[in-house]
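# Fold and contact review
Here is how the chains run, residue by residue.
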Amino acid sequence: RLVEGRAWLTRLLAAYEGTPGEVLASALAASAVLATENGDYPAAVDFATRALQIFDAIAEQEKAAFAATIAGSAHRYLGDNASARRLFERAMQLRRLSGDRRGVSVSLNNLALLALDQGDLTEARDLFEESLLLKRQLGEPRAVAIGLTNLSDVLIRLRMVDRARHAMDEAEQLADTLNDRQLIGSLRCNIARLEEGRGHWAKAAHSYGIAVEAHRAGGHQHDVVVALVGQGVALHRLRRTTEAIPLLREAEAIAADIANASHLITVRAALAEIGELNARAPLPAGVTARQAEILGQLGRGLSNKQIAAELHLSVATVERHLATIYRNLALRGRVDAARFAVAKGLSPAPR
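The following paragraphs examine the structure supplied in this document.

### Quick notes on the packing of helix 4 (residues 61–77) against helix 6 (residues 101–117)
Two elements in contact, helix 4 and helix 6, have axes whose closest approach is 11 Å; the angle formed by their N-to-C orientations is 15°. Here helix 4 lies roughly parallel to helix 6, going by the angle between them. Where helix 4 crosses over helix 6, the two elements pack in a sense that is left-handed. Residue-level inspection shows T69, S73 and R76 of helix 4 in contact with helix 6, the latter providing V106, N110, L113, L114 and D117. Its residues assigned to classes, the contact of helix 4 with helix 6 comprises 3 nonpolar, 3 polar and 2 charged.

Structural data, given as structure tokens:
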């Protein structure tokens, strides 16, 4: 019930705004958690960064580690892996210093997710296994179930099917007692991926459909996108493309709305696979063709230097164009511009 939770926290923040101290920082950190899960990543970065500054100032190491973790997660969803790693590693260091074993298990899990994003499956598996071992020692059922679900995902990708199935069976038994929508949805996505590997597209589409509804009910927008894409591709493989198209278009709209550049690229790759990707989005009012190109690369998560290399421009030229874009479109900065780019469909499809 993320939206309701965010509404209560908004009221709390309004009451404490301008009052420095631990209560405000805790409210900011909690707001960052729910904003991240709800897909509002720029807000999550803002809340978590402010919380981290306060916790650092009052020397609350464990809470500073928590705020750094949430900020790192939001940056990860925005495709800023460098910032995510820096914050995850800082959280790990703080937790090791304080002897927070539960926190260390969380940090290991987050670093594993980052490795998975970057395609390093072996590192991801090793980190997930180390995290899961700590979670088992601590004896928290939900943490263990999440650890098993994440581990099963990477085992599927490594084609270690028997181990993946065993991990999912144990996670399902725990999930049944927890009634955790996000956990159920993630498990159903993993089950669907196993069915994909066997060529059982009807079973995969069914499992993805269950995952969509579970994540939608929980308000976990980034997970809804993943499940919708899986369901759409599975239906396309079943030659039910007319059913697949609206699902993929919905996924595209959600990914654009939450400014998740990596998810948007995945959605558009799926649309391209079924021949439904628009050749080029129309230019928004007040944006030149060159500015649209720069915005599109920004929406992919590229730095100014990378954009310059991609478009064969100087870094100074890119910076000058961005300054004009911010001014003409009344954008507050890079995050706003990236959000605008994905919302307007300016980010190019993967090559």
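Back to the text.
### Thoughts on the nonpolar core
Membership of the largest hydrophobic core comes to 60 residues, with the highest contact counts inside it found for L28, F47, F55, V225, L228 and V229. Ranked by residue count, the leading element in this core is helix 3 (residues 41–57), at 10 residues. Filtering out sequence-adjacent residues up to four positions away, F55 remains in contact with E22, A25, S26, A29, E60, K63, A64 and A67. Ranked by size, the runner-up nonpolar core spans 32 residues in total, among them L114, A124, A171 and L183.

### So, helix 17 (residues 315–329)
In this model, helix 17 (15 residues) spans 21 Å end to end at C-alpha, consistent with the 21 Å of a helix rising 1.5 Å per residue. All of the buried residues in helix 17 are T317, V318, L322, T324, I325 and L329. In an axial view of helix 17, the angular spread of the buried residues amounts to 165°, which keeps them on one side of the axis. In helix 17, the exposed positions that point more than 90 degrees away from the buried face belong to R320 and R327. Packed against the buried residues of helix 17 are helix 15 (289–299), helix 16 (304–311) and helix 18 (334–343).

### A word on helix 18
Listed as buried for helix 18 are A337, A338, F340, A341 and V342. With its phi angle positive at about 70°, G345 sits one or two positions after the end of helix 18.

### Some remarks on the packing of aromatic side chains
Summed over the entire model, instances satisfying the criterion amount to 1 aromatic pair. On the numbers, 5.1 Å between centres and 15° between planes, the contact of Y41 with Y77 is stacked. Of the two residues, Y41 sits in helix 3 while Y77 sits in helix 4, which places them 36 residues apart along the sequence. We note that Y41, like Y77, is buried.

Rules and cut-offs
Along each chain, residues carry numbers from 1 onward, in the same order as the chain's sequence is written. With the structure being a predicted model, the display of local features is reserved for residues of pLDDT at least 70 and the display and counting of side-chain atom pairs for 80 or more, all residues being used for whole-chain, interface and lining totals. Heavy atoms from the whole structure form the basis of all side-chain values; hydrogens and water molecules are not counted. Axes here mean lines fitted to C-alpha atoms, for a helix over just the part in contact, with angles spanning 0 to 180 degrees between N-to-C directions. Runs of H or I in DSSP of at least four residues are treated as helices and runs of E of at least two as strands, each being numbered from the N terminus. Orientation labels follow simple angle bins: below 35 degrees gives roughly parallel, above 145 gives roughly antiparallel, 65 to 115 gives roughly perpendicular, and whatever is left gives oblique. Take the far helix as the reference: if the near one is turned anticlockwise from it by less than a right angle, the crossing is left-handed, and if turned clockwise, right-handed. Contacts are residue-level and defined by heavy atoms, with any inter-residue pair within 4.5 Å sufficient. Under this grouping Gly is polar, as are all residues other than the nonpolar Ala, Val, Leu, Ile, Met, Phe, Trp, Tyr, Cys and Pro and the charged Asp, Glu, Lys and Arg. By convention a nonpolar core is built from buried Ala, Val, Leu, Ile, Met, Phe, Trp, Tyr and Cys residues, the set being connected through side-chain atoms within 4.5 Å. Type-normalised accessible area, obtained with a 1.4 Å probe on protein chains alone, sets the label of each residue: buried when under 20%, exposed when over 50%, and partly exposed for intermediate values. To estimate the expected span of a helix, subtract one from its residue number and multiply by 1.5 Å. Taking the helix axis as origin, the arc is that swept by the directions to the C-beta atoms. What counts as a ring pair is set by centres within 6.5 Å for rings of Phe, Tyr and Trp (its six-membered ring), and what kind of pair is set by the plane angle: stacked under 30 degrees, edge-to-face over 60, tilted for all other angles.

Shape is all these values report; function is a separate question.
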